[in-house]
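Structural features, examined
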Amino acid sequence: MAFVSAFVISMVFSELVFVCQSNPVCQPIYPKYEIPVYKEDRDNVHFAQNLEFLEAEYFLWASKGHGIDVMAPYLTKGGPPPIGAQKANLDSLTYRIIEEFAYQEIGHLRAIDKTVGGIPRPLMDLSRENFAKLFDEAIGYELEPPFDPYRDSLSYMLSCYVIPYVGMNGYVGMNPQLKGYAAKHLVAGLLGVEAGQDAVIRMYLYERADEVVWPYEYTVAYFTDRISNLRNRLGMCGIKDEGIYVPLELGAENRTESNVLSADYYSLSYPRTPQEILRIVHSTGSEHMPGGFYPHGANGRIARELLQDP
């Protein structure tokens, strides 16, 4: 009898376990009466969408030879195509990386459009001339020949060092400002992939740190250091950007000069405000003066209001 009872109990228990495991909870449980997206959340994400447009177009054109107008035209909301974008001369490894990044950025734009609605694509300057000016400013004089991001794989990946990291800084800075659970969920997902893209770019360059960048006399590490210094200078808020080699006092726990990931004293990602980001991507050092990647300024309430401020 005891054996039968034990057998029955074990059978009932196994059935309960099966029922529980056949209906697992996989979706996050959000607060019942909370608001998914606040107005301020929408404004913050729209600001970040300007950077997502920039990355999507740059990666798509370099890898595929076309942009969002071919891949997902509805996402542009009638905004103009970028200036000067073109297919890059990429080797097979770099092509696969950038192609994947391009598709990821389309996914980001779709997620933003679905969650908070999208803004029109801003006019963006992705011409070799614009990148040449930026690299001249970073180095301190006019490079000869002018820097061309589309020349080869290494040049292109060096130019990519300029872009995703700033978007990642923006998401880190935005995070504590968000209120709605859907907005938080969206930004957490965007931040994770942006940080991953930046890590891949930095590791690609770190593996080639001491390689001289043809046709110049400077190494990859030197270029990253100068670009980071330029962004710190334009951002005007101290060190929030570091090259792939740093002095010990800036390394993790002050114990290494290796700097595969740029991070602060506690090895946390640096945050940046919309004002800092606009100073950098405008290449003017002013959130009120458009230029650089955004000749007419970025879109969305935050960016447009900052442009109008004296």
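Heads up: these notes are all about the structure in this document. (Residues numbered from 1 in each chain as written. Predicted model: local features only at pLDDT ≥ 70, side-chain atom pairs only at ≥ 80, totals over all residues. Heavy atoms only, no water.)

Next up on the list: the overall build of the chain. Looking only at helices and strands, one finds eleven helices and zero strands in the chain. When the helices and strands of the chain are read in sequence order from the N terminus, they spell out α-α-α-α-α-α-α-α-α-α-α. Along the first, second and third principal axes, the C-alpha set of the chain runs to 95 × 45 × 40 Å. Residues classed as buried in the chain amount to 49% of the 310 residues present. Within the chain, residue pairs in contact and separated by at least 24 positions form 73% of the contacts whose partners lie at least 6 positions apart. Per element, the accessible surface of the chain, about 15000 Å² overall, is 59% carbon and sulfur. In the chain, which carries 26 positive and 39 negative side-chain charges, the distance between the mean positions of the two groups comes to 6 Å. (Helix = DSSP H or I, 4+ residues; strand = E, 2+ residues; numbered from the N terminus. Buried < 20%, exposed > 50% of the residue type's maximum accessible area, 1.4 Å probe, protein only. Contact = heavy atoms within 4.5 Å. Areas by Shrake-Rupley, 256 points an atom, 1.4 Å probe, with all protein chains shown as cover. Lys, Arg positive; Asp, Glu negative; His and termini not counted. Charge placed at Lys NZ, Arg CZ, Asp CG, Glu CD.)

A word on helix α10 (residues 274-281). In terms of burial, α10 is a largely internal element, six of the eight residues being buried. Taken together, the buried positions of α10 are occupied by E276, I277, L278, R279, I280 and V281. Where α10 is buried, its residues touch α2 (39-64), α7 (164-174), α9 (220-235) and α11 (301-308). In the segment just after α10, S283 is the residue with positive phi, at about 60°.

On to the packing of aromatic side chains, then. Summed over all chains, the structure comprises 13 aromatic pairs. Taking 6.0 Å as the distance between ring centres and 85° as the angle between the ring planes, the aromatic pair formed by Y206 and Y245 counts as edge-to-face. Highlighted residues: Y206 in helix α8 (residues 181-206) and Y245 in the loop between α9 and α10, separated in sequence by 39 residues. Three or more aromatic residues joined by ring pairs make a cluster, and in this case those are F135, F147, Y216, Y218, Y222 and F223. It is R208 that lies over the ring of Y204; its NZ or CZ is 3.7 Å from the centre. (Phe/Tyr/Trp six-rings, centres within 6.5 Å; stacked < 30°, edge-to-face > 60°. Lys NZ or Arg CZ within 6 Å of the ring centre and 35° of its normal.)

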